[in-house]
Amino acid sequence: MTRSVKLLVAGSFGVGKTTFVGSVSEIKPLRTEETITEASIGVDDITGLGSKTTTTVAMDFGRITLNPELALYLFGTPGQRRFLPMWEELAMGALGALVLVDTRRIEQSDEVLSVLEERGVPYAVAVNEFEGAQRYPLDEVRDALDLTESTPLTALDARDRRTCVHSLITLVEYLFQSRQESRL
């Protein structure tokens, strides 16, 4: 029998959540992307996002079967604060979250991490290493984000299925280990 687990893929605006879900999903992902319009000027900070022309307005959805006994249902959250009510709905029933981080805009990760912590959603963090962006040692990223030593931290390229799956496995192992420890 296959066990299903709901996970969030969270992060700030433009961090690569939609690309991540599309890279790992074994089904055609559900996407709720809309074109960025002039109405978002002054509302959405697109500084440093290059040629970004679309944004997720509700969620992304995908599924990946890690093994015959475990399927992950991935719910990508929209990145802008104005969609926080959608996050609330998506977080219901989620076992945990993978938080994507862009080191070019690392300060924007603080709000995402705070929202998850306030709601008691356990998470792992994955640095999306954008092409041409400066790479930092993960210990420096951990310090910049003020993550505990027990918070899993990986690096990935949201376009690369292999690195994305590795980050998901790291999250799932952490979640199951945490659940086992809480039962002791």
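Above this text sits the structure in question.
What counts and what doesn't
- Residues numbered from 1 in each chain as written.
- Predicted model: local features only at pLDDT ≥ 70, side-chain atom pairs only at ≥ 80, totals over all residues.
- Heavy atoms only, no water.
- Buried < 20%, exposed > 50% of the residue type's maximum accessible area, 1.4 Å probe, protein only.
- Helix = DSSP H or I, 4+ residues; strand = E, 2+ residues; numbered from the N terminus.
- Pairing = 2+ DSSP bridges.
- Right-handed = clockwise from strand over helix to strand, strands pointing away.
- Salt bridge = Lys/Arg side-chain N within 4 Å of Asp/Glu carboxyl O.
- Arc of directions from axis to C-beta.
- Contact = heavy atoms within 4.5 Å.
- Patch = residues over 30% accessible without salt bridge, like charges linked within 9 Å, V, L, I, M, F, W, Y side chains within 5 Å.
- Areas by Shrake-Rupley, 256 points an atom, 1.4 Å probe, with all protein chains shown as cover.
- Lys, Arg positive; Asp, Glu negative; His and termini not counted.
- Charge placed at Lys NZ, Arg CZ, Asp CG, Glu CD.

1. Thoughts on the pairing of strand 5 (residues 96-101)
Inference 1: Strand 5 sits mainly inside the fold: 6 of its 6 residues count as buried.
Inference 2: Here strand 5 shows two buried faces, one formed by Gly 96, Leu 98 and Leu 100 and the other by Ala 97, Val 99 and Val 101.
Inference 3: Examined bridge by bridge, strand 1 (residues 3-11) and strand 5 share 5 bridges and lie parallel to one another. Residue Leu 7 lies in a different strand from strand 5, and its bridge partner there is Gly 96.
Inference 4: Pairing between strand 5 and strand 6 (residues 123-128): 5 bridges, direction parallel. By the bridge assignment, Ala 97 is partnered in strand 6 with Tyr 123.
Inference 5: Each parallel crossover has a hand, and for strand 5 linked through helix 3 (residues 109-118) to strand 6 it is right-handed.

2. Focus: the pattern of salt bridges
Inference 1: Inspection of the entire model under this criterion finds 7 salt bridges.
Inference 2: Between Glu 129 and Arg 135 there is a salt bridge, and its shortest N-O distance comes to 3.4 Å.
Inference 3: The exposure class of Arg 135 is partly exposed, given its relative accessible area of 44%.
Inference 4: Among the salt bridges present, the one from Arg 162 reaches Asp 160, with a minimum N-O distance of 3.9 Å.
Inference 5: Salt bridges here are not isolated pairs; linked through shared partners, they connect Glu 131, Asp 157 and Arg 159.

3. Digging into helix 4 (residues 138-145)
Inference 1: Every buried residue of helix 4 is accounted for by Val 141, Arg 142 and Leu 145. Take helix 4 and look down its axis: the buried residues cluster within an arc of 100 degrees, on one side only. Residues Asp 139, Asp 143 and Ala 144 are exposed on helix 4 and point more than 90 degrees away from its buried face.
Inference 2: In this fold, the buried residues of helix 4 make contact with strand 5, helix 3, strand 6 and strand 7 (153-156).
Inference 3: Directly after helix 4, the chain includes Asp 146, whose backbone phi takes a positive value near 55 degrees.

4. Regarding a negative patch on the surface
Inference 1: There is a patch of like negative charges on the surface, built from Glu 107, Asp 110, Glu 117, Asp 139, Glu 140, Asp 143, Asp 146 and Glu 149.
Inference 2: Going through the elements one at a time, helix 3 and helix 4 are the ones with two or more residues in the negative patch.
Inference 3: Considering every element that reaches the negative patch, the biggest residue donor is helix 4, with 3 residues.
Inference 4: On the secondary structure map, Glu 140 appears in helix 4.
Inference 5: You can call Glu 140 partly exposed: its relative accessible area is 46%.

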